[in-house]
Amino acid sequence: SFAAKAGSSATAGDVMTPDHVAKLRAASEAAISPDGKHIAWTRSVPRDPRAKGDGTPFKELYVATGKTSRPYVHGKTSVSHVRWTKDSENIAFLSKRGGDKTAAIWSIPVRGGEASKRLTTKGGLRTFALHPDGTTVLYVGKDEAAKDDKKRDAHGFNQNVVEEQDRPWQVFQHKLTPLGSEFD
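Here the structure is a predicted model, which is why all the values come from computation and not from measurement. (Residues numbered from 1 in each chain as written. Predicted model: local features only at pLDDT ≥ 70, side-chain atom pairs only at ≥ 80, totals over all residues. Heavy atoms only, no water.)

Participant: Explain the sheet that holds strand 11 (residues 170–175) here, please?
Facilitator: One key point about sheets: their strands pair by backbone hydrogen bonds, in either a parallel or an antiparallel sense. The three strands lie next to each other as 9-10-11, forming an open sheet whose pairing is antiparallel. Either end of the sheet is taken by a strand with one partner, and the two such strands are strand 9 (125–130) and strand 11. Neighbouring strand axes in the sheet, compared pairwise and without regard to direction, differ in orientation by 25° on average. (Pairing = 2+ DSSP bridges. Helix = DSSP H or I, 4+ residues; strand = E, 2+ residues; numbered from the N terminus. Axes fitted to C-alpha atoms, helices over the stretch in contact; angles between N-to-C directions.)

Participant: Help me understand the confidence of the model for the chain in this model?
Facilitator: Close inspection of predicted coordinates is inappropriate in any region flagged by low pLDDT. Taken as a whole, the chain shows an average pLDDT of 82; of its residues, 77% reach a score of 70 or greater. Low pLDDT, under 50, characterises residues 1–8; the stretch is placed with five contacts to residues that sit more than four places away or in other chains. Here residues 180–184 is modelled with pLDDT under 50, and outside its nearest four sequence neighbours on either side it reaches 19 contacts, counting other chains as well. (pLDDT = per-residue confidence, 0-100. Contact = heavy atoms within 4.5 Å.)

Participant: Is there a simple way to explain the pattern of salt bridges in this structure?
Facilitator: When the charged atoms of two side chains with opposite charge come close together, those side chains can pair. A full pass over the atoms with the stated rule returns three salt bridges. Where Arg97 meets Glu114, a salt bridge forms, and the shortest distance between an N and an O atom there is 3.3 Å. Pair noted here: Arg97 is in the loop between strand 6 (90–95) and strand 7 (104–109) and Glu114 is in the loop between strand 7 and strand 8 (116–119), with a separation of 17 residues, a long-range link. Where Asp100 meets Lys117, a salt bridge forms, and the shortest distance between an N and an O atom there is 2.6 Å. Residue Asp100 is located in the loop between strand 6 and strand 7, and its partner Lys117 is located in strand 8; the two are separated by 17 residues in the primary sequence. (Salt bridge = Lys/Arg side-chain N within 4 Å of Asp/Glu carboxyl O.)

Participant: Sorry, what's going on with the sheet that holds strand 8 here?
Facilitator: Spatially, 5-6-7-8 is the arrangement adopted by the four strands of the open sheet, whose pairing is antiparallel. The outermost strands of the open sheet, each flanked by one partner alone, are strand 5 (79–84) and strand 8. Each strand axis lies, on average, 35° off the axis of its neighbour in the sheet, ignoring direction. Taken together, the four bridges between strand 5 and strand 6 define a ladder with antiparallel strand orientation. Of the residues in strand 6, the one forming a bridge with Ser80 is Leu94.

Participant: Even after reading the chapter, I still don't get unusual backbone geometry, so can you show me in this structure?
Facilitator: Excluding glycine, residues mostly have negative phi values, and the peptide bonds linking residues are mostly trans. Despite not being glycine, His81 shows a phi value in the positive range, around 55°. By secondary structure assignment, the location of His81 is in strand 5. At Ser88, a position not held by glycine, the phi torsion is positive, near 60°. Note that Ser88 resides in the loop between strand 5 and strand 6. Looking at Ser88, the relative accessible area reads 3%, which means it is buried. (Buried < 20%, exposed > 50% of the residue type's maximum accessible area, 1.4 Å probe, protein only.)

Put into structure tokens, the structure is as follows:
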């Protein structure tokens, strides 16, 4: 094992370098489908340490069926809060994709295909839960700035008063328009 070699006379090829650390992958979240046939899981992928810009690791979405696991949403993206629809046909998740400024709720069919955006807010989303009725989502988010705040800012009243201008996270309810039988 590596630990045993590290304590003895390890050769240069046996030493773990920053490059090795940057190649480590780890499962970071998992959810079993309601029918028990699939597991949706996220894989944490560190960013390239030589690339410009810092950031948290990318998180890719995989689905395991039996002994086979395949990528569903991968690359330079970050998927979190993986949820199954009650019919086990779709996976919902939070992600910022494309030109998104804040995280949105997305879904992807387990049979394959492209993910579709289900809900986005200007104030941002932190987490969500799909209601058993299949058409309602509860989410924790922030209201966008009030119109009065925007008018004041436009007139130069844009001082940042700590703790008084921060909008608290709140619980909201939203009706979804199902795509086919996606959330039925």
